[in-house]
Amino acid sequence: MVRTHNLGFPRIGAKRELKFALEAYWKGQSSLDELKALAADLRRRHWLDQAFLDLAPVGDFAFYDQVLDTSFMVGNLPQRVRELSGDPLDNYFRVARGRSAPAADEHARCRDGVAAGEMTKWFDTNYHYIVPEFGVDTEFRLDGSSLTDQVAEAMSNGVKAKPVIIGPVTYLAVGKTRDGSDKRALLPRLMPRLLPVYVELLEALARQGVEWVQIDEPILVTELDDAWQQAFAAAYQALNTGKIKLLLATYFGSLEENLPLVAELPVQGVHLDAVNAGHEVEPLVTRLPSDRVVSLGVVNGRNVWKTDLNAALDRLEPVARKLGDRLWIAPSCSLLHVPVDLEMETELDEEIKSWLAFARQKLEEVHLLATALNQGREAVQAGLRANQAAIQSRRLSQRVNNPAVKAALAGITEEMGRRVSAFAQRAAKQAQLLSLPKYPTTTIGSFPQTPEIRQVRSLSKAGKISEAVYKEAIHAEIARCVREQEALGLDVLVHGEAERNDMVEYFGEQLEGYAFSRFGWVQSYGSRCVKPPILFGDIRRPKAMTVEWITYAQALTEKPMKGMLTGPVTILNWSFVRDDQPRSVSCMQLALAIREEVLDLEQAGLKVIQIDEAALREGLPLREAQWKEYLDWAVQSFRITANGVADETQIHTHMCYSEFNDIIASIADMDADVITIESSRSDMELLEAFDDFNYPNGIGPGVYDIHSPNIPGREHIVDLLTKAAAKIPAERLWVNPDCGLKTRQWNEVLPALANMVAAAMVLRASLES
Ligand code: GLN
Ligand code: ZN
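Conventions used here
Residues numbered from 1 in each chain as written. Chains lettered and ligands numbered in written order. Predicted model: local features only at pLDDT ≥ 70, side-chain atom pairs only at ≥ 80, totals over all residues. Heavy atoms only, no water. Core = buried A, V, L, I, M, F, W, Y, C linked by side-chain atoms within 4.5 Å. Buried < 20%, exposed > 50% of the residue type's maximum accessible area, 1.4 Å probe, protein only. Helix = DSSP H or I, 4+ residues; strand = E, 2+ residues; numbered from the N terminus. Contact = heavy atoms within 4.5 Å. Near = heavy atom within 4 Å. Polar contact = N/O pair within 3.5 Å; in protein donor to acceptor, adjacent residues only side chain to side chain. Areas by Shrake-Rupley, 256 points an atom, 1.4 Å probe, with all protein chains shown as cover. Donors = N, O, S within 2.8 Å, 3.2 Å for Na, K, Ca; no water. Tetrahedral: all angles 85-135°; square planar, octahedral: opposite > 155°, others 65-115°. Salt bridge = Lys/Arg side-chain N within 4 Å of Asp/Glu carboxyl O. Pairing = 2+ DSSP bridges. Right-handed = clockwise from strand over helix to strand, strands pointing away.

1. Observations regarding the nonpolar core
Right, so step 1: Core analysis: the largest hydrophobic core is formed by 122 residues, its most contacted members being W122, Y171, L172, Y236, L296, L327 and I329.
Right, so step 2: Broken down by element, the residue count for this core peaks at 12 residues, all from helix 9 (residues 183-207).
Right, so step 3: Aside from chain neighbours lying at most four places away, what touches L327 is M1, V2, R3, V294, L296, L316, V319, A320 and L373.

This is the structure:
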C-alpha cells in the first residue's frame, strides 16, 4: 500500500487566528495562557484536517518561526536574552522581535527591549526566519520539551504523529557567525557539539513511541562544497541510532550532484520534491538501497494550481509497481507556503476557482492519488474526471491568452530599457531641478496603517461607503502624512500608501490577468501574512493605477513627492504565478504594464518615482549556476519598466535585504538613480560590497530597523551614517529607514524619523566644519 503524509501544515489558521492572538498578547491585551490555549486549539484543528493521511506532521507549528524554535530546542539562545527572567516564550519573542508583552518585559527588566535577531528569507520563499547566531563558544543543550509536548498532545488526540525537525546541517547552514567569519571554519567545532543534542532528542521521541521522524535538509538542493558534503555524511552516521526511523526531506528543487550523497546517507527514507525534480525520481529509486522508503512530493506545495492528477498517475503508477509499500506520496514541501482552504473563497470567480487548490485541497489530491494507486483509477473515477475537466478548462480559456499582450511583448526593443544619458549627466540635471541638501532624507513609502484606515478600506471594498467618502478619507490620510513629513523636515516626501492593503495586491487588483482570494493568507514572518494575488493570464493595464493619489499628494507640498510603484520582478515573486509559461515571460508582461504607469506619473509632473523591487533577490535560483539567467531577465524587466523617462526624472528603487554583495553588479545594471536598501539590523554589513565594487549611483542604506518597535536614538543613527559616509560620497548618500513604515505606529515612527532627520543634520554639519 502506498502511504500518504504531509510535510507541514500552515500554522497561522484559516482565519489568521494565530496572528491575532499573537498581536493581542504583544499588546498586553491577553495572557500567555490564552495564547497557548489558542495555539493548542489550532494544532488540534489542523490535525483533524489531516486525519485521512497515514502520517501527519507534528512540530510544524511555531509561535513565530520554526528555525527559531530549533534554536531554542538546541539551547542556542543569544547571550543578550539568557539572563532575562520569565516564561521561555517571552524570551523567544524577544529574540524574534526585540520584545515580548509589556508586562513580561517590565518584569524581566528589559523595558526597552533587546536587539531583535536578524531575519532573512527561507530559501527562495517569501517566508522569513530568524537567523541562528553562532560563535566559537556556542554550546548546545537540548530543550526538547516544546516538541515532545506537542507529540504527546498529538498522540492524545489520536494523531498518527510524525515529528518534523530541521536537520542539523541545514540548521547550521542557514545560521551566521556573530563575527561575520566563514561558517565553514566553525563547522568542525559546532557539528560535534550539536549532534549529541539531536541524538538525545531522537531518543526522547523514540521513547514516546514515535516511529518516523521527518528531518528537513532543504540545503541539499543547493550547491554544497566538500565541507558541507562531509558534514552530511558525519551527521547522519551519528543520527542513525537504530531507535527511530528518519525520513530525510529535501524540497524546493532538485538534488543534482548531491543525489549520490543523499542516496548513501544511512536514513530509512528520502523525500524528493517531484514537482521540481521529477527527472530525479528514477535515478534516486535506482540508487537507493532496496529497503528505503521513497516519498515523492507530487503535489506542488508552493503554488495554487490543481495538480493534473491523470498525468501524475501516469508517472506514479510504474514507480508504485516497483516500490510497493516503500512508496509514500505527499506535497512537494510544507504547505506553509500556500493558503489554507479554497472553500472559504465564496466570492472568487467560479471558473478560476475551479483551477485552484489550497492546502486542504492539496491534501485531498494526495489522498486521491494514493487511492488510485492502491485501488485502481476506477475507484476515484469521478474525482479524476472533475480534475481533468478543470485542467482542460484552464488550458483553453480565453481569459488566459490575450493576443494583444503577446504582440506588445514581441515589440520590445533593447532601447526601451536605456536611459537617455548616463548617471552623471542625469544626476546633475536632477540636482538642479530638486535642489536637495547633502544626505537627503526620505522614507520608503508607507506610513502607519491605522485601524481607521484599514476600516475605511474594508468598508469601501464591501461597498458600504461611497466612492466619494472613501476618496475623502484617503485624501485626509495623505494630507496627514504630508503634514507630518513637512514638520519632520524630510526632503523627499511620500504619500503614505494609505490606499494600499498590500504593495503587490494593490497593483494586481487593477491589472487584467490577476485574480484575488479573500482569505488566501500566507505567513511571511511572525504574525505577518501576505495574500499573494494569483497571476493566471496575460497582463494588461486598463488604466492608470496611482496617478490620482500621487498628484493629490504633490499638490499639497512644495517638496518633491515620490511616486510609488511596485516593480515587475517583485509583483511576480510575490504572486502565485502561472506554471504554463516561463516566469520571464510573465515578468516582461508586468514590466510593460508598470512602464505605462511610470510614464503617466512623469507626464503628471512627478519628478521622483520609486519602483520597489523588494523581492528581486528572493527570486534568485537556489543554485548559483542559474543566477545569471534569472538576473538577466529580471534586470531587463526593471529597465524596461523604469528607463523610458527623461533625464530629469529621478528613479528610485528599494530592496528589502542586506545581502547585496553577490548581486551588486546586476543591481547597478538596473541603473536606478537611487537605491534604498535594508541594512540597519545587520549593522551596515552591506557596505562591505563597496570594498570590491564601486556602486555608481545614489544609495540609502537603511538606518532605522522598522521590523522592531524599538526607536533608534540619534547617536545610533549618526554612527551608522558615519560608517556609510566613509564609503559613499556625501552627494550620493541618502538617509532613510530600512523599509516602509506601515506595520509601525505613529508614536514610534515620529520620534524615530525625528532622530533620523537630526542625525542627517549632524552629518551635514560635519561636512561644513
Ligand atoms: N513602498 C513599500 C512600503 O513602504 C515598500 C515595502 C517593502 O519594501 N516591502 O511599504
Ligand atoms: Zn522594504
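So that's the structure; there's more coming.
2. Considerations on the site of ligand 1
Right, so step 1: Taken together, I444, G445, S446, E497, M503, M564, D612, A614, H654, C656, C739 and G740 form the complete shell of residues around ligand 1.
Right, so step 2: Between ligand 1 and the protein, one listed contact pairs an oxygen atom with a side-chain N or O atom of S446 at 2.7 Å.
Right, so step 3: Between ligand 1 and E497 there is a distance of 2.8 Å, counted from a nitrogen atom to a side-chain nitrogen or oxygen.
Right, so step 4: Taken by itself ligand 1 offers 300 Å² of open surface, and the protein chains cover 92% of this.

3. Points about the coordination of the zinc ion (ligand 2)
Right, so step 1: At this site the zinc ion (ligand 2) is bound by H654 (NE2), C656 (SG) and C739 (SG), with donor distances of 2.0 to 2.2 Å.
Right, so step 2: Taken together, the 4 donor atoms surrounding the zinc ion (ligand 2) define angles of 88 to 123° at the centre, an arrangement classified as tetrahedral.
Right, so step 3: Here the donor residues of the zinc ion (ligand 2) are spaced in sequence according to H-x1-C-x82-C.
Right, so step 4: With a relative accessible area of 2%, H654 lands in the buried category.

4. Brief notes about the pattern of salt bridges
Right, so step 1: With the rule as written, the count across this model stands at 52 salt bridges.
Right, so step 2: Note that K243 and E203 form a salt bridge whose closest N and O atoms lie 2.9 Å from each other. Of this pair, K243 sits in the loop between helix 10 (226-239) and strand 9 (245-249) while E203 sits in helix 9; the two residues are 40 residues apart in sequence, bridging distant segments of the chain.
Right, so step 3: Judged by relative accessible area, E203 falls into the partly exposed class, the value being 23%.
Right, so step 4: In this structure, the salt-bridge partner of R292 is D291, at a minimum N-O distance of 2.9 Å.
Right, so step 5: On the accessibility criterion, R292 (14% relative accessible area) is buried.

5. Remarks on the pairing of strand 8 (residues 212-216)
Right, so step 1: For strand 8, the buried fraction is high: 5 of the 5 residues fall into the buried class.
Right, so step 2: Of the pairings in the sheet, the one linking strand 6 (residues 161-166) to strand 8 comprises 3 bridges and is parallel in character. Within the sheet, the bridge partner assigned to V164 lies in strand 8 and is Q214.
Right, so step 3: In terms of strand pairing, strand 8 meets strand 9 through 5 bridges, oriented parallel. Residue pairing across strands places Q214 opposite L247, the latter belonging to strand 9.
Right, so step 4: Handedness of the crossover joining strand 8 and strand 9 through helix 10: right-handed.

Keep in mind these numbers describe shape, not what the thing actually does.
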